[in-house]
Amino acid sequence: MRLPWREGLGVAPFFVFAALFLIVPTVSLLVGAFQDKDGGFTLDNIVRLWQPSILNSYKLSIEISVASALAGALAGFVLALAALRGGLPGWVRPTLMTFSGVASNFAGVPLAFAFMATLGRLGFVTLALRGLGVDIYAAGFNLFTFSGLTLTYCYFQIPLMTLVMAPAIEGLKREWSEAAETLGASHLQYWRMVALPVLWPSLAGAALLLFANAFGAVATAYALTGSFLNITPILLYAQIRGDVLHDPNLGYALALGMLVITGASNLGYLALRARSDRWLR
Amino acid sequence: MTIRNMIQTTVFGGVATLALIAGAQAAPEDLVAAAKAEGQLTVIALPRDWCGYGALLDSFKAKYGIKINELNPDGGSGDEVEAIKANKTNKGPQAPDVIDVGLSFGPSAKAEGLLQPYKVSTWGSIPDEAKDADGYWAGDYYGVLSFTVNADIVKTPPADWSDLGKPEYKSGVALAGDPRTSNQATMAVYAAGLAGGATDAAKAASDGLAAFAELNKKGNLVPAIGKAASLAQGSTPIVIFWDYNGLAARDAAKDNPKIDVIVPKSGVVAGVYVQAISAYAPHPNAAKLWLEHLYSDEGQIGWLKGYCHPIRFNDLVANKKVPAEALAKLPPAESYAKAKFPTLAEQAAAKEVIAKQWDSVVGATVAK
Amino acid sequence: MTRGRILAWGIMLAGTLYYLAPLIATFEFSLRMKRGVYSFEAYRVVFSNNQFQDAFLYSVVQALATIVVGAAIVAPTAYFVRLRLPRLRGLVEFITLLPLVVPAIVLVFGYIKLFSSSSYLPLTSTSLGADALLMFGYVALSLPYMYRAVDSSLSTIDVRTLTEAAESLGAGTATILLRVILPNIRSGILSGAFVSFAIVIGEFTFASLLDRPAFGPYLQLIGASRAYEPSALAMMAFALTWGCMGLMQAFSGGAHQTAKR
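If you're wondering where the values come from, they're calculated on a predicted model, not measured in any experiment. (Residues numbered from 1 in each chain as written. Chains lettered and ligands numbered in written order. Predicted model: local features only at pLDDT ≥ 70, side-chain atom pairs only at ≥ 80, totals over all residues.)

Participant: Mind showing me how you'd approach the overall build of chain A here?
Facilitator: From N to C terminus, chain A includes twelve helices and zero strands. Reading chain A from its N end, one meets helices and strands in the order α-α-α-α-α-α-α-α-α-α-α-α. With respect to the three principal axes, the spread of C-alpha positions in chain A is 70 × 70 × 30 Å. Going through the 281 residues of chain A one by one, you find that 52% of them count as buried. The long-range fraction of contacts in chain A, counting pairs at least 24 apart against all pairs at least 6 apart in sequence, stands at 75%. (Helix = DSSP H or I, 4+ residues; strand = E, 2+ residues; numbered from the N terminus. Buried ≥ 20, exposed ≤ 12 C-beta atoms within 10 Å, placed from the backbone. Contact = placed C-beta atoms within 7 Å.)

Participant: Could you clarify how one ought to interpret the interface of chain C and chain B in this entry?
Facilitator: A common way to report how large an interface is uses the accessible area buried once the components associate. Counting from both sides, the interface comprises 27 residues of chain C and, opposite them, 29 residues of chain B. Those elements giving two or more residues to the side of chain C that touches chain B turn out to be helix 5 (104–114), helix 10 (205–209), helix 11 (215–223) and helix 12 (229–251) of chain C. Considering only residue class, the side of chain C that touches chain B consists of twelve nonpolar, ten polar and five charged. (Nonpolar A, V, L, I, M, F, W, Y, C, P; charged D, E, K, R; others polar.)

Participant: Is there a simple way to think about the interface of chain A and chain C in this case?
Facilitator: Contacts between the two partners involve 75 residues from chain A and, on the opposite side, 73 residues from chain C. For the side of chain A that touches chain C, the element with the most residues is helix 1 (residues 5–33) of chain A, which contributes 15 residues. Of the residues contributing to the side of chain A that touches chain C, the split by class is 49 nonpolar, 20 polar and six charged.

Participant: Can you walk me through the nonpolar core in this structure?
Facilitator: Soluble, globular proteins show a tendency: their nonpolar side chains are buried together. In terms of nonpolar packing, the biggest core is built from 284 residues, with A:Met165, A:Leu210, B:Tyr190, C:Val150 and C:Phe197 touching the most fellow members. No other element matches helix 6 (residues 127–154) of chain C, which puts 16 residues into this core. Setting aside its immediate chain neighbours within four residues, A:Leu210 contacts A:Ala69, A:Gly72, A:Ala73, A:Gln157, A:Leu160 and A:Met161. (Core = buried A, V, L, I, M, F, W, Y, C linked by C-beta atoms within 7 Å.)

Participant: Which parts of the structure should I look at to understand helix 4 (residues 89–101) of chain C?
Facilitator: One turn of the α-helix equals 3.6 residues, which is why residues spaced by three or four share an orientation. In a regular helix each residue adds 1.5 Å, so 13 residues correspond to 18 Å; helix 4 of chain C covers 19 Å between its end C-alpha atoms and thus fits that length. Those residues of helix 4 of chain C that sit buried are C:Val92, C:Glu93, C:Ile95, C:Thr96, C:Leu97, C:Leu98, C:Pro99, C:Leu100 and C:Val101. (Expected span 1.5 Å × (residues − 1).)

Participant: Help me understand unusual backbone geometry in this model?
Facilitator: Glycine aside, a negative phi is what most residues show, and trans is what most peptide bonds show. Residues and elements named next belong to chain B. Look at the link from Asn256 to Pro257: it is a cis peptide, with omega at 5 degrees. Within the fold, Pro257 resides in the loop between helix 10 (243–253) and strand 8 (259–262). Phi is positive for Asn72, close to 40 degrees, though the residue is something other than glycine. Within the element layout of this structure, Asn72 appears in the loop between strand 2 (67–71) and helix 5 (77–86).

Participant: Explain the packing of helix 7 (residues 159–168) of chain C against helix 8 (residues 173–184) of chain C here, please?
Facilitator: Describing two packed helices takes the angle between their axes plus the distance from one axis to the other. Residues and elements named next belong to chain C. Contact pair helix 7 / helix 8: the axes reach a minimum separation of 11 Å and the direction vectors enclose 130 degrees. One finds that helix 7 runs oblique with respect to helix 8. By crossing handedness, the relation of helix 7 to helix 8 is classed as right-handed. Side by side, helix 7 and helix 8 meet where Leu162, Thr163 and Ala166 of the first sit next to Ile176, Val180 and Ile181 of the second. A breakdown of the residues in the contact of helix 7 with helix 8 according to their chemical character gives five nonpolar, one polar and no charged. (Axes fitted to C-alpha atoms, helices over the stretch in contact; angles between N-to-C directions. Parallel < 35°, antiparallel > 145°, perpendicular 65-115°, else oblique. Left-handed = near helix turned anticlockwise from the far one by under 90°.)

Participant: Got a minute to help me understand the domain arrangement of chain B in this structure?
Facilitator: All names here are of chain B. Under the domain assignment used here, chain B contains domain 1 (3–142 + 270–334) and domain 2 (149–269 + 337–361). Counting from both sides, the interface comprises 17 residues of domain 1 and, opposite them, 20 residues of domain 2. With three residues, the top contributor of residues to the side of domain 1 that touches domain 2 is strand 9 (residues 270–278). Taken together, the residues of the side of domain 1 that touches domain 2 break down into nine nonpolar, six polar and two charged. (Domains from an automatic or database assignment.)

Listed below in C-alpha cells is the structure:
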C-alpha cells in the first residue's frame, strides 16, 4: 500500500512523537524482559511468569479491570445521558464536565484515604449509617476487598467515561430522534435501533480505555489494599522499585505480559468495531 | 563477632581514639572549596520528615551555600539504584550523587559497579559490620520496629507481638508497607517470628508469616498501608513503623490524636540504612562533603533529633556529645538492649521467604 | 415533570452523592487538625509555605502547553486515520494505550537515557530542555484520553462529506483541518483538555525525577508523612483544578451550542 504523502505528513508528528517518547522507552523494557542480571539473552524471565502467583495476579488484574471498566462505563454513560439529554438546567452540563475532569485523575493515596475516611470502619458514611441503625460492616461489607477496590476505582472510571462519551452523545443529531418519532418509533426503539448503534464504536473504545486505565493503575490499589490484592502492577513495582525483591528483569517481563494483554484487548475491540462498521455502512 | 560485641568494643575504642577523632572532625578545606565549585548536590528519596533529613538538608545548604536537588522523596531503595543506572551518561541535575538505601543494597550496588568509595574522616568510629571494608558504603542510622498507636482510639496499647491478636485490636493492625516491596514491612514479619523464639532467619520468617496469617484470620490485620494520616483518622490505629517514623508522626500530630510509640518486649529488630556515593555522580566533591556533614557529630546528632539512632551513637554517648533533651525524647534505652541487628545473610534469607510466600500464606483468599 | 426528567434528576442525585461523599469525608478530616474543634489550621500550615504559588503556576503553564501540543498531534492523526488510513487505526490506538500500561518510572528513566547530557539531544542538561522533556512526557501521559475524546467527537461528524465539500470549494488540507474540522470537534478537545490538565497538575513521578519544580512534588513535600495536611492539600488541589477547568470552560465559549437541545 503506497502511503499517500499528504496523509503521511499528517500522521508523521504522531509517529515521531510516539517513537521518541513512547516506543523507544518501551523497547528498553521489552529488551530487558529477555535479559538476565548481566545483560545476556535469556527466556528465563518469561518462563518464570508461569508461576501460580503471577498467573493469578494477571487473572485478578483482568477481573478488577473488567469489573471497574464495565461498572464505570455503564454508570458514566448513564450519567452523561442524564446530564446531556435529560432536560436538565443548562448549568448541569458544564459543572459535570469540569468536575469529571478533576475526578478522573483523583486517584492513588488521596483517593484511597478518602474512601477509608468515608467507608472505613470509622468512616464518615459508616458512622452516619450506624447512627441510623444500619451497620454495613456487620452485614458483611468491607472496604478492603475486591468489591471495595472496584467501588474506589469507579471514582475515576465513571468521570472518564462521562468525559469521553459526552462529545459523541452531543453529536447525536436532533433530526434523527425527530425523524424516528415521526415514523412512530418509541423512545426505546430509537435508542436500540438508531442511537446505540451509532454510539457503539465510541462506547466500545471508551470501555477499552477504562479497562487499560484500571489495568495499569497501581497507586490506588497499593494504598488501599497494598499487601493483599495481588495485582500485576503491584508485583511489577515490587520487582522494579521495591526494597526487597528487586529483580528488574522479571518486572520487565511482567510489564511485557501486561502489554500483550492490552494488545489482545485492543485487537478484540477492533474486531468488534469492524463488525459494527460494516453494519453502519 | 555479633554487632552487639562490635558496638561494645567500639565504645572502648571510641574513648581510646578520642583525640584522633576530634582532630579529624572538620572537613578538609580543599574538599569544601571543590564542593563549592561544583555548586550543587543531588539527593534522592529523602523525605524531609524521615530522620530529620529536612533540618540536615537545610543546615548543609546554609553552611556551604550549595544548592540541593531533592529527587523523588517518595522513592524506595530500588528506585535509588535504578536512578543511578538510568543516569549513567547523564550529568544533569536528574542524576543522584548520593543514595541512602537498605543494608542489602549496599553490597549489591557495589557489585554492579554503581558506587565509588570514600571514607569519611570519622570512619574509625563506625562499627565494622556496618560498613564496607573498601569504603564503598557505610551504615548511617538505624531504628527498631515499634507499635505506633493512636492512643485516643486504642485504650490499652499492645506490649508485645503476641498481644496483637487480642480481640480488642480487631481491624486495628497495619503494616507500613507491602512485605513484598518494603524493607520496613518485611522486617516487621521477621520480628514477629523472632518474638516467637526462632533464631534461624528462614524459620523466623516463616513463623512470622504464620503469625500474620493468624492475625488476618482473626480479622485484626488491616490490608491498607499504614500512614500518619490513616493512623490519625482511625482506619489503621496501630501501625508497625520504624520507631523514628512513629515518633515523627507523634510530633507532627501534636497530641491530636495522642500517639504512643511502643517498642515491643520481644522481637526487637533493628534496621540499618547505608549511605553511598554514586560512581557516576556529577558532583562527587559535593557528595563527599555531604557525607562529611552527615557523619560529623553535628550531622549524627541531627539524625538523633529526627529520632534515628545514628551509627556512631555509642561513640557519641561515650564522649558525652549527645544533648540530654534529645536523649530524653527517645524511647527508653532498655528497649534497645535486646535489639537484634540481622546480618546481610539473615536479611536476605528472611526476605526470600517472606516476599515469596506472603501471598500464599497470608493473603491467600481474597474476599469478593 | 416528565418521567424522563425525574429519572435524569434521580441519576444526577445518585451520582452527586457518590462523588461528594469521599470529598466531604476528606474535607471533614482536614478540619480536625486542632483537637476537638474544627479549624482551618491544616490549610494555614499548607499555605504558609511560599513555594505554593510558584509550583502551581509552573504546573498550570505546563498543563496548557501539554494541551496545545497534545491536541496538535492528536487531531490531525485521528482525522487522517478515520478518513484515509483506516488500516492504521489498530496500531495508532495500541500506541495510545501504551502510557496506561507502561509504568511511569520506566518511561521517565527511558527519557533520561535517551536525552541524557551526552546524547544527540541533551535535553536534560538545560532547564528549558528539561521543561520541554517534561512537557513531552505529559503529552504522552495524556495521549490516551485526548485521542479517545477527539476520536469520539470525530465519530459524530461526517468527516468524509465535510472534507469533500471543503475540497470542492478549493480548501487545502491545512484549511480543512483548522477551519472545518477543528471547530466541530471542540467539545472533544475540551474533554481531552480537562483530563490532561488534571493529569499534569497532579503528576509526581516525571516531575520529581526530572528535577522540575512542579506542583506534584510540592504536594509530596508538604504532605508526605503528615496526618492532616495531605487531606487539606487534596481538597485545595481539587478546588483549584476545578476552578481552572471552569475558566477553561468559560474561555472555550461556544464549544457546545449543542447543549441547548
